Structure formats: structure tokens, C-alpha cells
Amino acid sequence: MSKIIYTKTDEAPALATLSFLPIVEAFTKTAGVEVETSDISVAARILAEFPEYLTEEQRVPDNLAELGRLTQDPNTNIIKLPNISASVQQLKAAIKELQGKGYAIPDFPDDPQTDEEKELRKRYGKSLGSAVNPVLREGNSDRRAPKAVKNYARKHPHSMGEWKQWSSTHVSHMHGGDFYDGEQSMTLDKARTVRMELLLDDGTKKVLKPKIDLLDKEVIDLMVMSKKALLEFYEREMEDCREAGILFSLHVKATMMKVSHPIVFGHAVRIYYKDAFEKHGELFDELGINVNNGMADLYDKIATLPTSTREEIERDLHACQEHRPRLAMVDSAKGITNFHSPSDVIVDASMPAMIRSGGKMWGADGKMYDCKAVMPESTFARIYQEMINFCKWHGNFDPTTMGTVPNVGLMAQKAEEYGSHDKTFESSDAGIARIVDVETDEVLLEKRVEKGDIWRMCQTKDAPIQDWVKLAVRRARESNTPVIFWLDPYRPHENELIKKVKMYLKDHDTDGLHIEIMSQVRAMRYTLERVARGLDTISATGNILRDYLTDLFPILELGTSAKMLSVVPLMKGGGLFETGAGGSAPKHVEQLTEENHLRWDSLGEFLALNVSLEHLASNDNNAKAQVLADTLDTATEKLLLNDKSPSRKTGELDNRGSHFYLALYWAEELAAQDQDSELKAQFTPLAQKLAENEDAIVKELNDVQGKPVDIKGYYYADEELAKKAMRPSALFNEALASL
Ligand SMILES: NC(=O)C1=CN([C@@H]2O[C@H](COP(=O)(O)OP(=O)(O)OC[C@H]3O[C@@H](n4cnc5c(N)ncnc54)[C@H](OP(=O)(O)O)[C@@H]3O)[C@@H](O)[C@H]2O)C=CC1
Ligand SMILES: O=C(O)CCC(=O)C(=O)O
Ligand SMILES: [Mg+2]
């Protein structure tokens, strides 16, 4: 029997699943496909970590570990929806909700002191940040806008803010002392076991990671971010921003770069509120305030103080703002700034949204202003300035004519920064950070660090690089599109990759293909020159640029990266089919609970299901699955053409309504096809029933809107209540059940 594993995740995609999954199950069972669900939501992952605190009935299996194992099985077929990569604040909120529901899990230790607390912190750390994707992505990334989606966007362009040549918006990044500066990299000459250690100035050694097994031909890097340089950078840029009179906005990825970026974020907050931190620092330490988790943590903790002390602190914080630039807002109505939480502004989505708005972000008064987009680490920040330069010079892109930029991204086996979290340290002392061969004591890489510097090691295995080159060549051939490898010869890590790419390209027939290697800024310029002329260009990039570019171009081309096809051909032969390139849209949940309208667009799920079925069809020789895939493809196109995607407005067709239309069109296509008479016979009555009841069903789906809906929870909502909310049409439910 063919099997699809459909993940249950968080927030908007989890809600959408409650409506869409019954359709998937009903349709695919006709091809003998079993749909199994796997809950990898942050709440389920927390519960799976602490079975000994739970009753027998409360325990849940470690689904993520099981899926990780399955990525090694060639028969695996997973549809993966986006999940929360939790910040500390989110994790704590999820823990609190679970405790409130009677799950006696321990508190999150903010400042672990005892061994027991340290152990708990370590265990909670497994659910923190980007904890799911690196486990499941045992293959490289193939993300692109399908033709039908691109054509639809060309005919129905989203709105674009206007770029003015006089715009003050720009990107600021460090020019020295960051990870890019002085990076060291090497390709291993043989398999080795290494340790990471700090050689202190007094000659003693602090071993931070005793044993890392490395493979032959693996690329390793050592990078350091200087705290001093970072603080000076912030001080300078804040002053520069204040003088310019524009908004200060910090764009990091504290969720995915879960160790380094919260530290980088925290320094920005402390510099901005420097005077208040100098005055109240001791008290803040006593209260265990850690602004690496955002100002929300500070406000939560000072709430417990006597009113007079709290008010004094608040006054001092406000006084800091007087000689600092205005901050970009996340929610101006609620007074939530860019510094509120490190998971509110996530660079992959936040920078494209800013560029799409003509270089503007929200100010505290609810109006939009030019901004200084601060991305301390220069390695990848420069691509955004290059795009901004292009927009200022040429005006904004035109979605009706612009070319498309698919991406082939290196990410398998925790490539590059993805796998660096357990090898990232905030240096406790000054000394030499070293990577040393355990057997021979040979120092492979070393760099001076001062107290407070962040240093890390990255690994990129050779097999994923070979697979990445192969995938890039395959995509170039299949789509007859040029491929540019975005690799910078001045960056040691990428210089190692360039040698490998050149070598592995020789393994393939590249006759007639256009393949080039360019540094990032040149690659961006080259790609944009083509984009503006309506020409397509595949970007073949490392892991971080994979993440950045697969939001950047889709958001400009299509309005959202939710409409992307996102495939991970697993290196062992299975398939991981992701849905879109974006996240879990927390704001959408708010709209659902307040107004019972879910604006989440499931196009990404439809596209993923399509390729998942195709994969089953060829792997399992399942001809019916192929018919389902072909008809789903046509139905999806019809849905776009008939404008049945969810509206943003309460009272109009939402996620549930668009699911109904997909089911209707899919059933109609199956009824109309002649390849499989059994399927035709099964779906003809359903198509008739849905078509006859179209108006009544849509009315049922729209009539429930406009009122709040209580699903009793955010991270672990009541499944029955949520299901009821997401399946409000009795007519539609009955029709599906009749299949
Ligand atoms: N693959 C994964 O597992 C990923 C997970 N994440 C996680 O998702 C969470 C939110 O991240 P964030 O950076 O805010 O990015 P999101 O992509 O979730 O949100 C940014 C905005 O994009 C729009 N959007 C995204 N997806 C859809 C969709 N399917 N339909 C309609 N609009 C959509 C929404 O705009 P509007 O509000 O205007 O409707 C949304 O507010 C974080 O916890 C993050 O870690 C992020 C990226 C990938
Ligand atoms: O894993 C994460 O935290 C986010 C991943 C992401 O943004 C992406 O893959 O595009
Ligand atoms: Mg992303």
C-alpha cells in the first residue's frame, strides 16, 4: 500500500490541515493511498521530550525522531508543513499552556544553575529554534514557482510600493570583526575526529566540544564575531540612523540561527537602552532579565516590581529613546517594536516585505517610513543592498513582466550554518579558539577571540555538495534555464566550494547549458538585470542564501512565498515535499480566533500533494496516484484562474472555502477523465453533489465568519473544537463522507 505521511504542525498551517486533511484522505484512499499523520508541533515535541512527567494517557511518541529515521528509507513520502521554530518566549508560552492543561512538565529554567536545571535546559533546548527542518531535510532544496502560479501572478499582480530614487532606505552591516571577516576554511584530507577548544592566555585549555567526527573531503570553517566590533557597529549605526531621521530596524534570524543571533539581537537592545541598562543593570541581573529574548522578557519581569521602581525603569527606558533613532514597529497599534521579541522580525520574510513596500517599514504612528535595515553579519547582507540599489535606480519590479528565480539550495545533512548550533559558543574568556585533531593534536584552524565574542564551526559534507551540483545541472536541463552558483572566492568557505563545484560539474553532461559561478553581489546584479527583462535564472546557493532568496524572489514575484513548490529530493531516494517557502503566519491565527476567518493560502499544500502523488505513482507503480496527481494539477490551476484563493477580508471566501473549491474542481476533473474508469465512477456523484450544493456550502462556510471562535489554546488547542471550527459546513462534510 502506498503511504503519505502528512505532518501536523502549528498556527495557521495546523488549522488549515484540519480542513484540508479530510479532503486529502477521502480522495487519495481511492488510489489505495494511506495517509498517516505525524504531529511535530512545538507542543507535541515538548511532550515527547518529557514522558516521565506525564501520565500514560498523556504521553506522545517522539514523532520527529521517527520521521528523521524515515528520511533514510527510500520508500518515504512526507508532506511537511511549516512549523514554529520557537524562540524562548514562545517555548515558555507553550509550556505554560500545556501546564495549564494538566501536563505536569517542568518549568523552563531561565538561568540554570544546578546540574538538574542545566539538564532541563538542555532537554528544552531540543525544542528550541529551528529543530525540525534540519532533521528532516536529508536532501538538498529545489524551490520554484510553478508555471501556472507564475502566469497567474503575471495576470493578477499584487500591489507593490513605489521605490523612489531619493529613498533613504539602506542596509547596514559590519565591515570588519564579523563572521565574514577572517573566516577560515579547509577541506579535509581524510576522515578525522576533532575537538573544539579554547586555549586561554595562561596556557590552560577549555574543551568545549570533545569529539566531532568528520568525514574525508568534508569542508569545515571557523568563524568569529567580535563583541567589541559589534557593539561599536551598533553605536555608530544607531547614531547614523538618528541623524538620518529614519527608522532603525534589526533583521536577524534568531529562530534558525538559534544560538548566535539571539546574542546578536540582545546586544542591539542593550546598546539602544544603554543608559537604562547601566543604571539598572544589577537589578535586571537579579531579576534574571535576558533581552536576548527580547524586551518582552524585560517587561514581563519588571511587572513583578513595586510600582514606583517599575515606573522609574519605564521612565528611564523612555528617556533612552529620546537620543536614539525611532524603532521600526511590528504592531504599531499595540506598541510592539522590533525589539519586543527576536522571533517577530525574521530576516528571510522581513526584508522582502520591506522591499516590496518600496523600502518602508511601520513607524509608531502607524505610518510608513524609510529605514536603516541593520544586519550585522555582512556575509549575506550585501545582496539586499544590491537589490535596493537596483530598485532605486530602476524603480520597483513589475510582477506582470518580471522573470523568475528558482533556487537550488545546499542544505542536506545540516550543511553550513544549519548544523553549527551545537558548535557555537559565546566565549567565556580571551584566548585562541581552535579546532584540533584529537589523535594527532594537530591544530587545523585557529583564531583569536576575546571574552564575549561568538565563535563557531560549520560543517559541509562532500556527498551533499555532489548532490547539490547534480540537482543544479538537472534543473538547468529540465527547465532550460541558466544556473548561477552564488559563491564568493574572497570568502574562504565558498572558495572551497568553488573548487568542488568546478570538479563535480565535470561528472555531468553540461553541453549546451549555461552555468556560471559569481560572487553574491555580482550574482544578484546579473540576476536582477535578467529579472527586469523578464528572463529566468536559477540561483544555486548555500543554505542561508537558499533561505533568503526563496522568500525574497517569490514575495516580489508572487506576493508571497506560500505559492512556491518546495521539494526536497531525499538523498536516499525518498521524497520530502514541503509546502511553500514561508512560515506559519501567526497573525492569521489571531484573525481566526477574533473573527473566524482564516486567510492562510493552502496553495503550497496543493502543490506539495501533487508532487507527493507523482512520486508515489512512479515509486510504487501506482497508476491511480498519477491520475489523481494530473487532475489535482488541473484543479489547482482552475482554482487560481477562477480566483478561489482565500481573501484577506472577513466574510469572504477563506481557507476553508478555497479547500471546498479545490475538492469540487478535483472531483470534476476526475469525473471528466477517461484514463481510469473506476475513479471516474467514484468521483462523478461527488462532483455532482458538490456542484449542486456550491452556493449552499459556500454560504455555510462564510456565514460562520465575523464572530470570535474559541479553540481553547494556541499551541495545543482542543482538537475537537478546532476541527469543528475548521469544518463548519455540514453539507460539505456529508458529501465527502459519501465518497
Ligand atoms: N518551513 C518552516 O518550517 C518555516 C517556519 N517558519 C516559522 O514560521 C513562523 C512565522 O515566521 P515569519 O517570519 O513571520 O513568516 P511567515 O511566512 O509565517 O509570515 C509572514 C507573512 O507572510 C504571509 N504568509 C505566509 N504564508 C502564507 C500563506 N500560506 N498564506 C497567506 N499568507 C502567507 C502572511 O502575510 P499577511 O499577514 O500579510 O497575510 C504572513 O504574515 C516562525 O515561527 C518561523 O520560525 C518560518 C519559515 C519557514
Ligand atoms: O527552519 C526554520 O526555522 C525556518 C526555515 C525557513 O525559513 C526556510 O526553510 O525557508
Ligand atoms: Mg525561509
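About the thresholds
- All residue numbers refer to position in the chain's written sequence, counted from 1.
- To read the labels, note that chains go from A and ligands from 1, taken in the order they are written.
- The model is predicted, so local features are restricted to residues of pLDDT at least 70 and side-chain atom pairs to those at 80 or more, both for listing and for counting; the totals for chains, interfaces and linings are taken over all residues.
- Side-chain metrics in this entry use all non-hydrogen atoms of the structure; hydrogen atoms and water are not considered.
- Residues enter a nonpolar core if they are buried and are Ala, Val, Leu, Ile, Met, Phe, Trp, Tyr or Cys, with the set joined through side-chain atoms within 4.5 Å.
- Exposure classes here rest on a 1.4 Å probe applied to the protein chains alone. A residue is buried below 20% of its type maximum, exposed above 50%, and partly exposed in between.
- Where helices and strands are cited, they refer to DSSP runs of H or I of at least four residues and of E of at least two residues respectively, numbered from the N terminus.
- Throughout, a residue-residue contact means that at least one pair of heavy atoms, one from each residue, lies within 4.5 Å.
- For each structure, a 1 Å grid was placed over the protein atoms alone; sets of points admitting a 1.4 Å probe that cannot get out are labelled cavities, open sets with protein on both sides within 12 Å along at least five of seven lines are labelled pockets, and lining residues have an atom within 4 Å of a point.
- Grid points are joined across faces, edges and corners, and a volume is the space filled by probe spheres set on the points.
- Classification convention: Asp, Glu, Lys, Arg as charged; Ala, Val, Leu, Ile, Met, Phe, Trp, Tyr, Cys, Pro as nonpolar; all other residues, Gly among them, as polar.
- Two rings from Phe, Tyr or Trp (for Trp, the six-membered ring) form a pair when their centres are within 6.5 Å of each other. A pair whose planes differ by under 30 degrees is stacked, one over 60 is edge-to-face, and the rest are tilted.
- Two conditions define a charge located above a ring, namely a distance within 6 Å from the ring centre to NZ of Lys or CZ of Arg, and an angle within 35 degrees of the ring normal.
- Here, a strand pair is defined by DSSP locating no fewer than two bridges between the strands.
- Angles here are taken between N-to-C directions and fall from 0 to 180 degrees, while the axes themselves are lines fitted to C-alpha atoms, restricted in helices to the stretch in contact.
- Here a residue is near a molecule or strand as soon as one of its heavy atoms is found within 4 Å of it.
- The Shrake-Rupley method, run with a 1.4 Å probe, gives the accessible areas here. Residue values count only the displayed protein chains as cover.
- When we speak of the arc, we mean the arc of directions from the helix axis to the C-beta atoms.
- In this scheme, patches are assembled from residues that exceed 30% relative accessible area and form no salt bridge. Like charges are connected within 9 Å, while nonpolar side chains (Val, Leu, Ile, Met, Phe, Trp, Tyr) are connected within 5 Å.
- Salt bridges are counted wherever a side-chain nitrogen of Lys or Arg sits within 4 Å of a carboxyl oxygen of Asp or Glu.
- In this tally Asp and Glu are treated as negative and Lys and Arg as positive; neither His nor the chain ends contributes.
- Charge positions are represented by NZ for Lys, CZ for Arg, CG for Asp and CD for Glu.
- Residues adjacent in sequence count toward polar contacts only when both atoms are side-chain atoms; beyond that, a polar contact is any pair of N or O atoms within 3.5 Å, and within protein one must be able to donate a hydrogen and the other to accept it.
- Each domain's extent was defined by an automatic or database domain assignment.
- UniProt positions are given in the numbering used here, feature names are shortened, and annotations may be inferred rather than shown by experiment.
- Excluding water, the donors of a metal are its N, O and S neighbours within 2.8 Å, or within 3.2 Å for Na, K and Ca, and that exclusion means sites may look incomplete.

1. What to know about the nonpolar core
Moving on, step 1. Ranked by internal contacts, the top residues of the largest apolar core, which has 62 residues, are Phe27, Leu609, Leu613, Phe660, Trp666 and Leu690.
Moving on, step 2. In terms of residue count, the dominant contributor to this core is helix α22 (residues 655-672) (10 residues).
Moving on, step 3. Excluding its chain neighbours within four sequence positions, the residues that come into contact with Leu613 are Ile4, Thr28, Ala625, Leu628, Ala629, Leu632 and Trp666.
Moving on, step 4. Among the nonpolar cores identified, the runner-up in size contains 53 residues, and Trp163, Ala328, Val347 and Met411 belong to it.

2. Points about empty space enclosed by the protein
Moving on, step 1. Taken as a whole and judged by the stated rule, the model has six cavities of 30 Å³ or more.
Moving on, step 2. If you add up the space inside the largest cavity, you get close to 150 Å³.
Moving on, step 3. Looking at the largest cavity, it is lined by 16 residues, and the ones nearest its centre are His261, Met375, Glu377, Phe380 and Tyr548.
Moving on, step 4. If you list the elements that add at least two residues to the lining of the largest cavity, you get α9 (260-272), α14 (378-394) and α18 (543-558).
Moving on, step 5. Among the elements that line the lining of the largest cavity, the one with the most residues is α14, at three residues.
Moving on, step 6. Taken together, the residues of the lining of the largest cavity sort by class into 10 nonpolar, three polar and three charged.

3. Looking at the packing of aromatic side chains
Moving on, step 1. The tally for this structure, following the rule as stated, stands at 22 aromatic pairs.
Moving on, step 2. Between the aromatic rings of Phe233 and Tyr234, the centroid separation amounts to 5.7 Å while the plane-to-plane angle is 45°, which identifies the pairing as tilted. Each of the two residues, Phe233 as well as Tyr234, counts as buried.
Moving on, step 3. Here the aromatic residues Phe248, Phe265, Tyr272, Tyr273 and Phe339 are joined through ring pairs into a cluster of three or more.
Moving on, step 4. Taking NZ or CZ as reference, Arg326 lies 4.6 Å from the ring centre of Tyr369, over its face.

4. A short note on the sheet that holds strand β6 (residues 184-187)
Moving on, step 1. Pairing in this open sheet of four strands is antiparallel, and the strands run β6-β9-β19-β16 from one edge to the other. Only two strands of the sheet have a single partner each, and these edge strands are β6 and β16 (424-426). Ignoring strand direction, the axes of neighbouring strands in this sheet form an average angle of 10°.
Moving on, step 2. Relative to strand β19 (residues 454-460), α9 is tilted by about 150°, and along the sheet it contacts β9 (219-225), β16 and β19.

5. Let's talk about the site of ligand 1
Moving on, step 1. Lining the immediate surroundings of ligand 1 are 21 residues, of which Gly583, Ala585, His588, Arg599 and Asp601 lie closest.
Moving on, step 2. Starting from 880 Å² of accessible surface for ligand 1 in isolation, the protein chains cover 83%.
Moving on, step 3. Classifying every residue of the shell around ligand 1 by side-chain character gives eight nonpolar, eight polar and five charged.

6. Section: helix α7 (residues 147-155)
Moving on, step 1. Where α7 is concerned, the buried positions are Val149, Lys150, Tyr152 and Ala153. Each buried residue of α7 sits inside an arc of 160° when the element is viewed along its axis, so together they form one side. Exposed residues lying more than 90 degrees from the buried face of α7 are Lys147 and Lys155.
Moving on, step 2. Packed against the buried residues of α7 are α18, α20 (603-619) and α21 (623-641).

7. Examining a negative patch on the surface
Moving on, step 1. The grouping of Glu614, Asp630, Asp633 and Glu637 at the surface amounts to a negative patch.
Moving on, step 2. The element contributing the most residues to the negative patch is α21, with three residues.
Moving on, step 3. Inspection of the secondary structure assignment puts Glu614 in helix α20.

8. Observations regarding the pairing of strand β4 (residues 141-144)
Moving on, step 1. The alternating pattern of β4 places Ser141 and Arg143 and Asp142 and Arg144 on opposite faces, both of which are buried.
Moving on, step 2. Where β4 lies against strand β15 (residues 407-409), three bridges are found, and the strand directions are antiparallel. Each residue of the ladder has a partner; that of Asp142, found in β15, is Val408.
Moving on, step 3. Of the strand pairs in this sheet, β4 and strand β23 (residues 565-569) are connected by three bridges, and their pairing is antiparallel. Across the sheet, the residue bridging to Arg143 is Ser566, located in β23.

9. Some points on the site of ligand 2
Moving on, step 1. As a matter of local geometry, ligand 2 sits amid Ser85, Ser130, Asn133, Arg137, Arg143, Lys253, Met256, Asp348, Tyr418, Arg546, Asp547 and Ala581.
Moving on, step 2. At 2.6 Å, a side-chain N or O of Ser85 approaches an oxygen atom of ligand 2.
Moving on, step 3. Between ligand 2 and the protein, one listed contact pairs an oxygen atom with a side-chain N or O atom of Arg143 at 3.0 Å.
Moving on, step 4. Two domains each put at least three residues into the shell around ligand 2: domain 1 (2-138 + 570-737) and domain 2 (227-371).

10. Quick look at the UniProt feature "binding site: substrate" (unreviewed entry) in the protein
Moving on, step 1. In this structure's numbering, the residues bearing the UniProt feature "binding site: substrate" (unreviewed entry) are Ser130, Ala131, Val132, Asn133, Pro134, Val135, Leu136 and Arg137.
Moving on, step 2. Here Ala131 lies in the loop between α5 (115-125) and α6 (133-136).
Moving on, step 3. Judged by relative accessible area, Ala131 falls into the buried class, the value being 11%.
Moving on, step 4. In this structure, Ala131 is in contact with Arg45, Leu64, Lys126 and Lys258, ignoring residues within four places of it in sequence.

11. Topic: the coordination of the magnesium ion (ligand 3)
Angles at a metal have ideal values that depend on geometry: 109.5 degrees with four tetrahedral donors, 90 or 180 degrees with six octahedral donors.
Moving on, step 1. Binding of the magnesium ion (ligand 3) to the protein goes through Asp348 (OD) and Asp547 (OD), at separations of 2.0 to 2.1 Å. In this pair, Asp348 sits in helix α13 (residues 347-356) while Asp547 sits in helix α18, placing the two residues 199 residues apart along the sequence. Side by side, Asp348 and Asp547 carry an identical accessibility label, which is buried.

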